[in-house]
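Listed below are the residues making up each chain.
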Amino acid sequence: MGDLHLEAIYKEFPSHRVVDGITLTIPQGCFYSLLGPSGCGKTTTLRMIAGFDEPDRGVIKLGDRTLNGLRPYERPVTTVFQSYALFPHLTAAENIAFGLKRKGDPDTARKVKEALDLVQLSAKADRLPAKMSGGERQRTALARALVLQPEVLLLDEPLSALDPKLRKQMRLELKELQARVGITFLFITHDQEEALSLSDQIAVMNKGRLEQIGTPQEIYLTPATRFVAGFLGAVNWVGAIGVRPELTRISREAPGNGARVVEATVSSAMFLGDCFQVETKTPAGDSIVAQIAHGLGEFQRGERVHVWWHPHDEMAIPQ
Amino acid sequence: MMRLRTLFLLPAWAFTLLLFLGPMLIIVVYSLQTKGVYGGVVEPWTLENYTRLLDPLYGVILLRSFVMAGASTIGCIVLAFPLALYIARSGTRKTLLLNLVMLPFWTSFLVRTYAWMFLLRDTGLLNSALLALGIISEPLPLLYNDWAVIVGLVYGYLPFAVLPLYSNLERLDKSLLEAAADLGAKPWETMLHVVLPLTAPGMRAAGVLVFIPCLGAYLTPDLLGGGKSMMIGNLVQNQFTTARDWPFGSALSLALMAIVMLLLWALLRRDGEEML
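Residues numbered from 1 in each chain as written. Chains lettered and ligands numbered in written order. Predicted model: local features only at pLDDT ≥ 70, side-chain atom pairs only at ≥ 80, totals over all residues. Heavy atoms only, no water.

Caption draft 1: Region of the structure containing the side chain of B:Asp245. All names here are of chain B. Relative to the helices and strands, Asp 245 resides in the loop between α12 (232–240) and α13 (246–271). For Asp 245, a relative accessible area of 6% gives the class buried. Setting aside chain neighbours within four positions, we find Asp 245 in contact with Lys 35, Arg 52 and Gln 239. (Helix = DSSP H or I, 4+ residues; strand = E, 2+ residues; numbered from the N terminus. Buried < 20%, exposed > 50% of the residue type's maximum accessible area, 1.4 Å probe, protein only. Contact = heavy atoms within 4.5 Å.)

Caption draft 2: Looking closely at the sheet that holds strand β17 (residues 304–309) of chain A. All names here are of chain A. Pairing is antiparallel in the open sheet, where 5 strands are placed in the order β13-β17-β14-β15-β16. Edge positions in the open sheet fall to β13 (249–251) and β16 (287–292), since each of these has one partner strand only. The average angle at which neighbouring strand axes cross in this sheet is 45 degrees, direction not considered. (Pairing = 2+ DSSP bridges. Axes fitted to C-alpha atoms, helices over the stretch in contact; angles between N-to-C directions.)

Caption draft 3: Local environment of the sheet that holds strand β12 (residues 241–243) of chain A. All names here are of chain A. Taken in spatial order, the 3 strands line up as β11-β12-β18 in an open sheet, and their pairing is antiparallel. Lying at the two open borders of the sheet, with one neighbouring strand each, are β11 (236–238) and β18 (315–316). As defined by bridge partners, β12 adjoins β18 across 2 bridges and the pair is classed as antiparallel. When the bridges of β18 are listed, Gly 242 appears paired with Met 315.

Caption draft 4: Highlighting the interface of chain A and chain B. Listed as interface residues are 21 residues of chain A and, on the opposing side, 17 residues of chain B. Of the roughly 1,700 Å² buried between chain A and chain B, counting both surfaces, carbon and sulfur atoms make up 66%. The largest per-residue losses of area from chain A upon contact with chain B belong to A:Tyr73, A:His89 and A:Arg102, which jointly make up 38% of the total buried on that side. If you look at where chain A meets chain B, you find 2 salt bridges. With a shortest N-O distance of 3.8 Å, A:Arg102 and B:Glu189 are connected by a salt bridge. At the boundary of chain A and chain B, one finds 5 residue pairs in polar contact (both at pLDDT 80 or more). Residues of the side of chain A that touches chain B, tallied by class, amount to 13 nonpolar, 5 polar and 3 charged. (Buried area = accessible area lost by both parts, 1.4 Å probe. Salt bridge = Lys/Arg side-chain N within 4 Å of Asp/Glu carboxyl O. Polar contact = N/O pair within 3.5 Å; in protein donor to acceptor, adjacent residues only side chain to side chain. Nonpolar A, V, L, I, M, F, W, Y, C, P; charged D, E, K, R; others polar.)

Taken by themselves, the reported measurements are silent on function.
What follows is the structure, encoded as structure tokens:
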């Protein structure tokens, strides 16, 4: 047992360098997310930890054991695949028993039963994957990987194949599951909302490099780079200063002391259901968007307004 | 529209009726008549040709044919599986390798079978080489026995086993192999518990495609078995030539056809449209 260390990992494919010097430590028992756009190298990073690919340079360590060179079946980590990769000829229970049987575990039957209970699939134990719903397949894949009690569970965009409603529910279940089993989860995703809501720690990746590592709040509220700020949510840029639209206010009268104020003209106002989204243009040509709650008034196109925010909501990022 | 459709279907219907159902009907009629002195068929109508089929003498030949065809089929699948696996994993060279598998079809089967005779006979390439190397002092009897026939059949029908296995292995989701390794399966365990069960449909298809022509084979046992290794195909040929017993030959070939149809029906019921 121990923390998972990646030390200066590089990986090149014939066309380009996919992972370009990544160093990070994933603390034991942590829900850790690798967040980034598609093609940023996050899946390749996962594949190197699982042992499907070997890094060109760099060391992968679990505690003080080096994983480099070990075959996937020799590593104490398991994977939940994006497509789940359930064995189509085996039932849910048989899929879950697969790894235990390879180890010759004498307790296979009991462990399979417990794993089925853990993911609430006991009633579907004898179903083939083809006869399962998306959520059931997802749970089977989770149980199959968890039943081996890995030191690290690798999750490769495990929610992306589910419909949005189910995705939100599974997100909750995933978080609870991790708290219950206490295993290190390394979660790969391109969905910032998923990463923010699930993780203890997030590492944001772009073009094979790490942009920032931190807690969800740190990453969202004090992004280190413009990329991180923009990838995690919408940003209004006023010079080197960034403000989130939901922290931007609009009023007809000038606001009170301490607020940063810009005078602007409303260029559009949209009702989004949970809020109004008002887009304004400053005389300097910057576009500033504010999301304001109902009851704060409706604004008309062409109206001259004060756009303002609190200085402590500003994100100052050097260009 | 209807008339255009009929027009287009006409060649197919004509082909089926004239060249498939027609000859079949003739065989059925022949099988129910009596043999003529110089071949051909004469009256009276009889069922005797079918009761003769029950003679253990023919049962033995039928059984032999099944054993030989079965052994050849197993041989084909055992050889074809690793080959198909290799081709399926060969990336850009797949097309080239598949074409190489099909290459023998560019030459006549008869010529290729003669080539095997030149390889296997007492003064053939294999025996000469072994003699020259001093490994043996007398030629090995490689030709004119059951093994020579099985070698010839495996050689002849190997491509029919490679192609369905290849298409099955090619479609196999690679993430399943990664998942197996991830869950602790060593490569041979992945092969045994994931790849083999998932290629069962391909193996059944390969089995049918090889077994059926092997069962009715006539050229290979004739040339490589030297008449000593008789299969049902040779028996049928015998009836139409040496024995001049066309009615019994017809009954024999209908019996063989019935057995093959029964086998196909059993397999189709299992695999359904996947096989087609």
